[in-house]
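# Structural description and commentary
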Amino acid sequence: MNSLESNARRLAAAVLAGRFERDDILERAAPLVSGSTAWLARLVSQLIQRFGNQRPRRRDVLRFLLQSRGFSKAAEKENFEVQAYCQAAEFCPSPGLFRNADVLRLRTVTEVAAWLGLDENELLWFADRRQLERISPAGPLRHYRYYWKLKRHGRCRLIEAPKYRMREIQRRLLREIVGRIPVHDSAHGFRKNRSASSHAAPHVGRAVVLKMDLEDFFPSIPPARLTRLLMHVGYAEDVAEILTSLCCNHVPPDVFASFPHIEDWQHRRQSQQLYCRPHFPQGAPTSPAIANICAYRLDTRLAGLASAARADYTRYADDLLFSGDEVFARGIDRFRTVVAVIAMEEGFNVNHHKTRVMKRSVRQEAVGLVLNEKLNTRREEFDRLKAILHCCVVRGADVANDGKHSDFRQHLIGRIRYVAQSSQPRLEKLTRLFDQINWD
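Residues numbered from 1 in each chain as written. Predicted model: local features only at pLDDT ≥ 70, side-chain atom pairs only at ≥ 80, totals over all residues. Heavy atoms only, no water.

Across its full length, the protein carries 20 helices and 10 strands. With respect to the principal axes defined by its C-alpha atoms, the protein has extents near 90 × 55 × 45 Å. Out of the 440 residues in the protein, the part that is buried amounts to 47%. For the protein, contacts bridging at least 24 residues in sequence account for 70% of all contacts bridging at least 6. Accessible surface, the protein as shown: approximately 22,600 Å² in total, 48% of it carbon and sulfur. (Helix = DSSP H or I, 4+ residues; strand = E, 2+ residues; numbered from the N terminus. Buried < 20%, exposed > 50% of the residue type's maximum accessible area, 1.4 Å probe, protein only. Contact = heavy atoms within 4.5 Å. Areas by Shrake-Rupley, 256 points an atom, 1.4 Å probe, with all protein chains shown as cover.)

Structural data, given as structure tokens:
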């Protein structure tokens with residue numbers, strides 16, 4: 001590394017070690033520079049003008065310094081040198097949305113390791129910055145278990161279930177950091193006091209309902225987006241990168257040997273390209289909250305678009321719902337095109353096969369709920385669950401379960417709450433049947 005680049009790296013470390021404001025940067029950097037510092041004030045002003053008041057990435061600052069004529073001219077002097085900045089970077093939130101986020105404040109990677117009860121080598125192993133998961137053989141050295149789940153329309157989804165220690169680390173990240181970062185009010189999935197019902201309720205009794213779906217929602221989010229958001233929250237870049245890595249995964253190539261549609265080479269190739277690169281795995285406890293955080297700009301733009309079109313907008317994970325009156329219905333074809341363009345600009349793709357335009361004359365349905373007159377589940381779901389409960393009463397729970405669910409009782413309780421969530425008479429009927437089951 002030449003002298004110019006090494007001095008630029010030391011200066012960049014000082015620039016990024018605290019608040020990204022002119023006086024604060026000069027206070028940190030000026031004592032480190034030997035010789036005249038007249039050029040430094042001009043350089044800092046140019047930095048602020050270039051990057052604003054939000055702390056940028058280290059590589060961007062380094063590139064700016066190496067391209068700066070003022071820095072190059074100062075470095076040509078014989079007595080020029082920049083000393084190393086020895087203090088840890090401060091926790092500095094950017095102005096705006098994330099300024100008052102109630103997250104755990106960590107300044108260094110060492111503090112992250114201590115918080116998780118790990119030494120630094122263990123932390124780096126779990127973060128897998130060297131992508132060792134991809135080359136490790138199946139067994140205890142891997143952090144995830146893998147299995148394929150068939151979807152509708154002949155597609156399949158890879159479930160990546162973290163093992164015990166990785167899962168506990170991610171749960172702590174969710175409780176103390178990721179789950180405390182603000183998300184847009186239009187997001188209803190995986191949030192406290194929000195549900196599929198709150199997602200669908202604003203669209204009940206509307207003239208038209210537009211349902212759209214985002215394709216490969218979790219794995220399509222680039223990890224760099226979370227790193228940048230964590231830096232806005234206040235974390236230094238190296239801390240933000242290690243926290244992001246703890247939530248990411250790289251799928252080993254041998255997992256695709258069990259790909260369900262082995263003859264569909266195009267689908268298999270797309271899946272390999274999607275899952276073999278760093279991504280947020282579907283199955284990790286942190287991924288839903290991360291998806292909500294990273295979709296903030298998407299939600300903001302779509303909510304503004306819906307408001308301009310006199311429509312309502314909500315999102316439940318990858319499910320987008322819009323609804324409005326007759327005026328909205330007349331321009332819905334152009335509206336759905338604009339939604340797809342906005343999603344693409346924000347890094348998401350719309351699955352056009354799942355797009356549905358539902359007017360009052362047909363059954364308006366989303367997330368398993370009917371929206372036409374009042375919020376309700378489909379009659380077929382109620383009848384199916386009632387038949388299962390009746391079978392449990394007459395023939396026994398083991399016969400009705402047939403080994404499909406490890407905790408059949410809790411499975412039935414969850415289904416009863418879902419099917420009868422908006423109908424008290426249905427809830428009473430299903431509960432009476434459930435109470436008659438002999439679990440002994």
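Judged by how many residues are buried, strand 3 (residues 208-215) sits mostly within the fold: seven of eight residues are covered. Pairing of strand 3 with strand 5 (residues 319-324), which is carried by six bridges, proceeds in the antiparallel orientation. Of the residues in strand 5, the one forming a bridge with Met-212 is Leu-320. Relative to strand 7 (residues 356-359), strand 3 runs antiparallel, the two being bridged by four bridges. Looking at the pairing, Val-208 lines up with Lys-359 of strand 7. Sheet topology note: the strand 3/strand 6 (residues 349-350) ladder contains two bridges and is antiparallel. By the bridge assignment, Leu-214 is partnered in strand 6 with Val-350. (Pairing = 2+ DSSP bridges.)

Counting across every chain of the model gives 17 aromatic pairs. Their ring planes at 80 degrees and their centres at 5.9 Å tell us that Phe-71 and Phe-80 sit as a pair that is edge-to-face. Residue Phe-71 shares its accessibility class with Phe-80, and that shared class is buried. Between the aromatic rings of Trp-148 and Tyr-275, the centroid separation amounts to 6.3 Å while the plane-to-plane angle is 85 degrees, which identifies the pairing as edge-to-face. With Trp-148 in strand 1 (residues 144-150) and Tyr-275 in helix 12 (residues 265-275), this residue pair connects regions lying 127 residues apart in the sequence. (Phe/Tyr/Trp six-rings, centres within 6.5 Å; stacked < 30°, edge-to-face > 60°.)

By size, the foremost hydrophobic cluster in this structure holds 77 residues, and its most contacted members are Leu-123, Ile-177, Tyr-235, Leu-243, Leu-302 and Phe-322. Per-element tally for this core: the top contributor is helix 16 (residues 332-345), with six residues. When residues no more than four places from it in sequence are discounted, the contact partners of Ile-177 are Val-103, Leu-104, Leu-106, Trp-115, Arg-172, Leu-230, Tyr-235 and Leu-243. Phe-20, Leu-40, Phe-51 and Tyr-85 belong to the second-largest nonpolar core, a separate cluster that totals 28 residues. (Core = buried A, V, L, I, M, F, W, Y, C linked by side-chain atoms within 4.5 Å.)

For the rest of this paragraph, the subject is the confidence of the model for the protein. This prediction gives the protein a mean pLDDT of 89; 98% of its residues lie at or above 70. By mean pLDDT, helix 12 is the weakest element of the protein at 77, and strand 4 (residues 311-316) is the strongest at 96. (pLDDT = per-residue confidence, 0-100.)

As a further point, take helix 1 (residues 3-15). Counted at 1.5 Å a residue, the expected span for helix 1 with its 13 residues is 18 Å, and the 18 Å between its end C-alpha atoms agrees. All of the buried residues in helix 1 are Ser-6, Asn-7, Ala-8, Leu-11, Ala-12, Ala-14 and Val-15. For helix 1, the secondary structure elements touched by its buried residues are helix 2 (22-29), helix 3 (38-51), helix 4 (58-67) and helix 5 (69-75). (Expected span 1.5 Å × (residues − 1).)

So, on to the state of the cysteines. Throughout the structure, instances matching the rule amount to zero disulfides. Looking at Cys-248, it has no disulfide partner, and the nearest cysteine sulfur is the one in Cys-247, 6.7 Å off. Classification of Cys-248 as buried rests on a relative accessible area of 10%. (Disulfide = S-S within 2.5 Å.)

Between helix 17 (residues 379-395) and helix 19 (residues 408-419), the least distance of the axes is 11 Å, while the angle of their chain directions is 150 degrees. By the criterion of interaxial angle, the relationship of helix 17 to helix 19 is roughly antiparallel. Note on packing geometry: the crossing formed by helix 17 with helix 19 is left-handed. In this structure, helix 17 contributes Glu-381, Phe-382, Arg-384, Leu-385, Ile-388, Leu-389 and Cys-392 to the contact, and helix 19 contributes Phe-408, Leu-412, Arg-415, Ile-416 and Val-419. (Axes fitted to C-alpha atoms, helices over the stretch in contact; angles between N-to-C directions. Parallel < 35°, antiparallel > 145°, perpendicular 65-115°, else oblique. Left-handed = near helix turned anticlockwise from the far one by under 90°.)

Side chains that carry opposite charge are capable of pairing whenever their charged atoms lie near each other. According to the stated counting rule, one finds 28 salt bridges in the structure shown. Here Glu-241 makes a salt bridge to Arg-57, at a shortest N to O gap of 3.1 Å. Placement of Glu-241 in helix 11 (residues 237-246) and of Arg-57 in the loop between helix 3 and helix 4 is noted, with a sequence separation of 184 residues between them. A residue is classified by how much of its surface remains accessible, and Glu-241, at 19% relative accessible area, is buried. For Arg-57, a relative accessible area of 9% translates into the label buried. Salt-bridge contacts for Asp-60 lead to Arg-63; the nearest nitrogen and oxygen are separated by 3.1 Å. (Salt bridge = Lys/Arg side-chain N within 4 Å of Asp/Glu carboxyl O.)

The next thing to look at is the pairing of strand 4. Bridge analysis of strand 4 against strand 5 gives six bridges, and the strand direction is antiparallel. Paired with Thr-314 across the bridge in strand 5 is Leu-321. Hairpin geometry of strand 4 and strand 5 is characterised by an intervening segment of two residues between the two adjacent antiparallel strands and by a positive phi of about 55 degrees at Ala-317.

Contact geometry of helix 14 (residues 296-308) with helix 16 gives a least axis separation of 10 Å together with a crossing angle of 160 degrees. Classified by the angle between their axes, helix 14 and helix 16 sit roughly antiparallel to one another. As helix 14 runs across helix 16, the sense of the crossing is right-handed. Mapping the contact onto sequence places Leu-298, Arg-301, Leu-302, Leu-305 and Ala-306 in helix 14 and Phe-335, Val-338, Val-339, Ile-342, Ala-343 and Glu-345 in helix 16. The class makeup of the residues in the contact of helix 14 with helix 16 is nine nonpolar, no polar and two charged. (Nonpolar A, V, L, I, M, F, W, Y, C, P; charged D, E, K, R; others polar.)

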